[in-house]
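# Residue-level structural notes
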Amino acid sequence: MKRVIYFYPRDCCDYTIKDKLRQMGISVIDIRICKYVEIDFYEDERIISILGKPLFTSEKLPFEKLFFNGRFWESHEILEEKWRIEKDEKKKKYLQALILISASMIKYCKGQIEISDSLLNRALSLISELPEELLPFFYINFCLDT
């Protein structure tokens with residue numbers, strides 16, 4: 001089964017849709033609401049017959065386009081791919097901080113504010129351990145490398 005994310009307008013539904021879809025036998029992984037309603041599930045054409053055609057589906061885009069468009073799960077996934085192969089410990093720590101920021105935003109969009117704050121604090125702690133003068137270079141290097 002292929003995992004996909006469908007994006008719907010923010011006002012299409014709320015978090016209760018997760019249980020409703022599961023009761024219909026659809027394998028929903030998660031629902032996230034930020035700029036869009038993200039329905040993360042194992043491909044099942046019934047979702048279109050229930051909710052209509054999505055605005056768009058998940059796609060490979062650069063981190064910054066995903067992150068700044070409120071698509072934090074996808075940006076998180078891209079960062080983890082980069083983090084796994086990074087050899088430089090400072091860059092790895094920087095990527096880990098960005099992963100935690102994306103994860104924090106995911107939790108925030110799910111209404112889990114305390115967890116979001118905790119993840120954000122961990123990210124800021126990691127960033128504070130890095131040389132301040134290198135941060136802009138890490139970001140530029142990372143964005144050019146995507």
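The rules we used
- Residues numbered from 1 in each chain as written.
- Predicted model: local features only at pLDDT ≥ 70, side-chain atom pairs only at ≥ 80, totals over all residues.
- Heavy atoms only, no water.
- Helix = DSSP H or I, 4+ residues; strand = E, 2+ residues; numbered from the N terminus.
- Expected span 1.5 Å × (residues − 1).
- Polar contact = N/O pair within 3.5 Å; in protein donor to acceptor, adjacent residues only side chain to side chain.
- Buried < 20%, exposed > 50% of the residue type's maximum accessible area, 1.4 Å probe, protein only.
- Arc of directions from axis to C-beta.
- Contact = heavy atoms within 4.5 Å.
- Salt bridge = Lys/Arg side-chain N within 4 Å of Asp/Glu carboxyl O.
- Pairing = 2+ DSSP bridges.
- Axes fitted to C-alpha atoms, helices over the stretch in contact; angles between N-to-C directions.
- Parallel < 35°, antiparallel > 145°, perpendicular 65-115°, else oblique.
- Left-handed = near helix turned anticlockwise from the far one by under 90°.
- Nonpolar A, V, L, I, M, F, W, Y, C, P; charged D, E, K, R; others polar.

Our next topic: helix α5 (residues 89-109). For α5, with 21 residues, the first-to-last C-alpha span of 30 Å sits near the 30 Å given by 1.5 Å per residue. The opening residue of α5 is Asp88, an N-cap whose side-chain oxygen sits 2.8 Å from the backbone nitrogen of Lys90. Gly111 sits one or two positions beyond α5 and adopts a positive phi of about 80°.

This part takes up helix α6 (residues 113-128). In this model α6 runs 22 Å from its N-terminal to its C-terminal C-alpha over 16 residues, within 8% of the 22 Å that 1.5 Å per residue would give. Taken together, the buried positions of α6 are Ser116, Leu119, Ala123 and Leu126. All buried residues of α6 fall inside an arc of 90° around its axis, so they share one side. For α6, the exposed residues lying more than 90 degrees away from the buried face are Glu114, Asn121 and Ser128. Tucked into the core, α6 has its buried residues touching α5.

This part takes up the pattern of salt bridges. This model, assessed by the stated rule, comprises 12 salt bridges. Between Asp40 and Arg3 there is a salt bridge, and its shortest N-O distance comes to 2.7 Å. Here Arg3 lies in strand β1 (residues 3-9) and Asp40 lies in strand β3 (residues 36-42), a separation of 37 residues in the sequence. When its relative accessible area of 0% is taken as the criterion, Asp40 is described as buried. When salt bridges with common partners are traced through the structure, they connect Arg3, Lys18, Asp30, Arg32, Glu38, Asp40 and Lys110 into a single cluster.

With five of its six residues buried, strand β2 (residues 28-33) lies for the most part within the structure. With five bridges joining them, β2 and β3 adopt antiparallel strand pairing. Paired with Arg32 across the two strands is Glu38, which belongs to β3. If you look at the hairpin formed by β2 and β3, you'll find two residues sitting between the two strands.

Where helix α4 (residues 72-85) meets α5, the axes come as close as 9 Å, and the angle between the chain directions of the two elements is 160°. Between α4 and α5, the crossing angle belongs to the class labelled roughly antiparallel. Our pair here, α4 against α5, has a crossing hand that is left-handed. For the pair α4 and α5, contact is made by Phe72, Trp73, Ser75, His76, Leu79, Glu80, Lys82, Trp83 and Arg84 and by Lys92, Leu95, Gln96, Leu98, Ile99, Ser102, Ala103, Met105, Ile106 and Cys109, respectively. By residue class, the composition of the contact of α4 with α5 is 11 nonpolar, four polar and four charged.

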